[in-house]
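Chain by chain, the residues run as shown.
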Amino acid sequence: MINPEMQLVENLSKAAKKSMRDGYGEAMVKIGKKNKEVVVLVADLKESLRVGGFAEEFPERFLEMGIAEQNMMGVAAGLALVGRVPVVNSFACFSPGRNWEQFKVSVCLTGENVKVVGGHAGVGNGADGANQQSFEDIAITRVLPNLVVLAPCDFEQIKKATEAMVEHKGPVYLRMTKPERAEVTTRMTPFEIGKAQVLRKGKDVGIIACGGMVYEALMAAEELAEEIDCEVVNMHTIKPIDRNEIVRLAQKCRKIVIVEEHQIMGGLGSAVAEVLGEEYPIK
C-alpha cells in the first residue's frame, strides 16, 4: 500500500492534474520576494517557462536574453561571480542542450552558484518536432562536475525542489516537463536533495521512477497488486543519487524496474545500474 507517512494524495486515480511549470512559476515569485539576489534569465520563452510573474514583480531582476542560450549561460556565470543567484531558463533541448560547453566550463568546473531550469523535457513536447524534444538532458548533466540534478514529479514537488535549488550553494540543473500531470504529493510531503522517497511499500519488485513517470509507476503498481507486490520509489534527485535507498531496495526485492521519460542510455536507469554494479548486482 501507499506509505501514509509520505503525505500523498488520497485517491491517485482521481488526482487533479496540474503543470509543473505553473508550480515552478509560483515558486519563483515567492523566492524572489525572499531573496533579493535572485535574478531570472530567459531565452525568449518567458510564457512557456512561466517566469512572466517574476518579470512583473521584479523587472529589475529579469533579463530577456533572446535566442542566445550560450551567451545567457556566460552572463549567468558572471552574475554568480558578483554574488547574484542567477536562474537560467529555456527548453531542455537548448539549455543544457545547446549551451552544454558553457555550462561545463563557465559554471560547473568552478562550481559557480548558477541554477539551470530545463523545461519541456521528455515526450510532452513532441508536437513541436524532434529538435524541440529532449531525451538526453539527464545523461549530459549528470556527468558534469559539482552539479546537482533534480527531476521532481509534480506541481507541489517542483515548488519544493525550486526552493531547495536556490538554497543550495553551487550549480543545479532542474528538469521539468510540459504537460499537466496528476498530482502525487501534497504540500505536506517533505523534500530533501539526495533523499529518495518510498511512496508505496512492496516486496516482489522495486520500481524506481522520476519526474512525471512517478504517477505512472504508482498506477502500474496498483494494477499489478493482486499478482505482484511492487515497492515504488521516487528518485527525484538523479545526482547525488541515493545509493543507500537503491541498495536497500535491491536487497529487499531482488528485482528492479526503472521508469523515466528519457532514453535508456545515460539517464536514471544508467545511474541506478552503476550503483548496483558496484554495490549489489541484481537484474
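Note: the structure precedes this text.
Cut-offs used in this document
- Along each chain, residue indices are assigned from 1 in the same order as the chain's sequence is written.
- The predicted nature of this model means local features are confined to residues of pLDDT at least 70 and side-chain atom pairs, given and counted, to a pLDDT of 80 or more, with totals for whole chains, interfaces and linings taken over all residues.
- Side-chain measures were taken over the full set of non-hydrogen atoms in the model, leaving aside hydrogen atoms and water.
- Helix and strand definitions here come from DSSP, where helices need a minimum of 4 consecutive H or I residues and strands a minimum of 2 consecutive E residues; each element is numbered from the N-terminal end.
- Remark: exposure states derive from per-residue accessible area (1.4 Å probe, protein chains only) relative to the maximum for the residue type, with buried under 20%, exposed over 50%, and partly exposed in between.
- Throughout, a residue-residue contact means that at least one pair of heavy atoms, one from each residue, lies within 4.5 Å.
- What qualifies as a polar contact is a pair of N or O atoms within 3.5 Å, subject to a donor-acceptor requirement within protein and to the restriction that residues adjacent in sequence count only when both atoms come from side chains.
- Each pair of aromatic rings taken from Phe, Tyr and Trp, with Trp reduced to its six-membered ring, is defined by centres within 6.5 Å and is described as stacked if the planes are under 30 degrees apart, edge-to-face if over 60, and tilted in the remaining cases.
- Distance and angle both matter: a charge sits over a ring if NZ of Lys or CZ of Arg is within 6 Å of the ring centre and within 35 degrees of the ring normal.

(A) Region of interest: the environment of Thr237. With respect to the element layout, Thr237 can be found in strand 12 (residues 237-239). Judged by its relative accessible area of 2%, Thr237 falls in the buried class. Along the backbone, Thr237 and Gly32 are 205 residues apart, and their C-alpha atoms lie at a distance of 24 Å. In this structure, Thr237 is in contact with Val149, Leu150, Glu192, Ile193 and Gly194, ignoring residues within four places of it in sequence. Of note is the side chain of Thr237, whose polar atom sits 3.0 Å from the side chain of His236.

(B) Quick peek at the packing of aromatic side chains. What the rule picks out here adds up to two aromatic pairs. Relative to Phe58, the ring of Phe54 lies with its centre 4.9 Å away and its plane at 55°, an arrangement referred to as tilted. Measuring from ring centre to ring centre gives 6.2 Å for Phe91 and Phe94, while their planes differ by 10°; the resulting arrangement is stacked. Looking at Phe91, the relative accessible area reads 5%, which means it is buried. The buried category is assigned to Phe94, whose relative accessible area is 11%. We note Lys18 situated over the ring of Phe155; from NZ or CZ to the ring centre the distance is 4.5 Å.

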